[in-house]
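Spelled out from the first residue to the last, the chains are:
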Amino acid sequence: CFLARISDDLKTLKASTYFGGSGNDGCGVVFPDTANSEIRLTGTTTSGATISGTTFTNLPGISATSAQQTNGGGSFSGDCFAARIKDDLSAVLRSTYFGGPKDEFSCLSFGNRSDNASEFYLIGTTTGTGLPSTGGGAQPNFGGGNDDGFIARVKTDLTSIPQATYIGGNASGS
């Protein structure tokens, strides 16, 4: 993913960087967290996965404190990811994967929850079972068919995923 900071008048490039591992990394949403001088980036990645015998290096910022420390896999798009990056683009503070053994894609996030600023929602699509933290969710199991939607509550510090749920039936869910 390519990130750039541009002046308000769009005349000056203030900073730019690349975020990703050695796989295919696609940016979804960049959300400013001005209270913490950070940005949150979400998207889809094959970095950290083994696909067709090729193992790709991890995303930067994956650590022992990341909510999901390994890419769950998939054969095409891999997993969703979320990352915290200093707003001057000088450092990746932490990142995490979100996904199961099948593909996750169309991964987006929006601002912090209005009732809990320490969490945000990650939404997307999955092609199979095995998403983390779905026990106790509104729909704890994959509905079947080609794909289901999902919603996950993620801590803004990216250290945990308190709850996730599938949303879909036995046909295409997205």
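Residues numbered from 1 in each chain as written. Predicted model: local features only at pLDDT ≥ 70, side-chain atom pairs only at ≥ 80, totals over all residues. Heavy atoms only, no water.

A.B. asks: Would you mind going over the layout of surface pockets with me for this structure?
C.D. replies: Taking a probe equal in size to a water molecule and rolling it over the atoms shows the remaining empty space. Taken as a whole, the largest pocket spans an internal volume of roughly 190 Å³. Taken together, Leu3, Ala4, Arg5, Val30, Pro32, Asp33, Thr34, Glu38, Ile39, Asp87 and Leu89 form the lining of the largest pocket. A breakdown of the residues in the lining of the largest pocket according to their chemical character gives 6 nonpolar, 1 polar and 4 charged. (1 Å grid on protein atoms, 1.4 Å probe; cavity = no way out; pocket = protein on both sides within 12 Å on 5 of 7 lines; lining within 4 Å. Points joined across faces, edges and corners; volume = space filled by probe spheres on them. Nonpolar A, V, L, I, M, F, W, Y, C, P; charged D, E, K, R; others polar.)

A.B. asks: Would you mind showing me how to read the pairing of strand 7 (residues 79–86) here?
C.D. replies: With 7 of 8 residues buried, strand 7 is to be regarded as a mostly interior element. Relative to strand 7, strand 4 (residues 38–45) runs antiparallel, the two sharing 8 bridges. Its bridge partner lying in strand 7, Leu41 is registered against Ala83. Bridge count for strand 7 against strand 8 (residues 92–98) is 6 bridges, and the pairing is antiparallel. Paired with Arg84 across the strands is Arg94, a residue of strand 8. (Buried < 20%, exposed > 50% of the residue type's maximum accessible area, 1.4 Å probe, protein only. Helix = DSSP H or I, 4+ residues; strand = E, 2+ residues; numbered from the N terminus. Pairing = 2+ DSSP bridges.)

A.B. asks: What's the story with the side chain of Ser7 in this structure? I'm lost.
C.D. replies: Looking at where Ser7 falls in the secondary structure, it is placed in the loop between strand 1 (2–6) and strand 2 (13–18). Among the residues examined, Ser7 registers a relative accessible area of 10% and is labelled buried. A polar contact of 2.5 Å, which involves the side chain of Ser7, links it to the side chain of Asp9. (Polar contact = N/O pair within 3.5 Å; in protein donor to acceptor, adjacent residues only side chain to side chain.)

A.B. asks: What is the right way to look at the sheet that holds strand 7 in this model?
C.D. replies: Where strands meet in a sheet, backbone hydrogen bonds hold them as pairs that are either parallel or antiparallel. Sheet architecture is open: 4 strands sit in the order 3-4-7-8, paired in antiparallel fashion. Each of the sheet's edge strands pairs with one partner strand only, and the pair in question is strand 3 (25–33) and strand 8. Here the strands of the sheet are splayed against their neighbours by 20° on average, with no regard to which way each runs. (Axes fitted to C-alpha atoms, helices over the stretch in contact; angles between N-to-C directions.)

A.B. asks: Would you explain the environment of Tyr166 in this entry?
C.D. replies: Inspection of the secondary structure assignment puts Tyr166 in strand 12 (residues 163–167). In this structure Tyr166 comes out as buried when scored by relative accessible area, which is 3%. The sequence separation of Tyr166 and Asn112 amounts to 54 residues, and the corresponding C-alpha distance is 20 Å. Separated by 3.1 Å, the side chain of Tyr166 and the backbone nitrogen of Leu131 make a polar contact.

A.B. asks: Got a minute to help me understand the nonpolar core in this structure?
C.D. replies: If you look at soluble globular proteins, the nonpolar side chains tend to sit buried side by side. Counting 15 residues, the largest nonpolar core has Cys80, Phe98, Phe120, Leu122, Phe150, Ala152 and Val154 as the members making the most contacts within it. Put simply, the parts of the chain that give this core at least two residues each are strand 7, strand 10 (116–126), strand 11 (148–155) and strand 12. Considering each element in turn, this core owes the most residues, 3 residues, to strand 11. Once you skip the residues sitting within four places of it in the chain, Leu122 turns out to touch Thr42, Cys80, Phe98, Cys107, Leu108, Ser109, Phe150, Ile151, Ala152 and Val154. Listed in part, the 13 residues of the second largest apolar core include Cys1, Ile62, Phe81 and Tyr97. (Core = buried A, V, L, I, M, F, W, Y, C linked by side-chain atoms within 4.5 Å. Contact = heavy atoms within 4.5 Å.)

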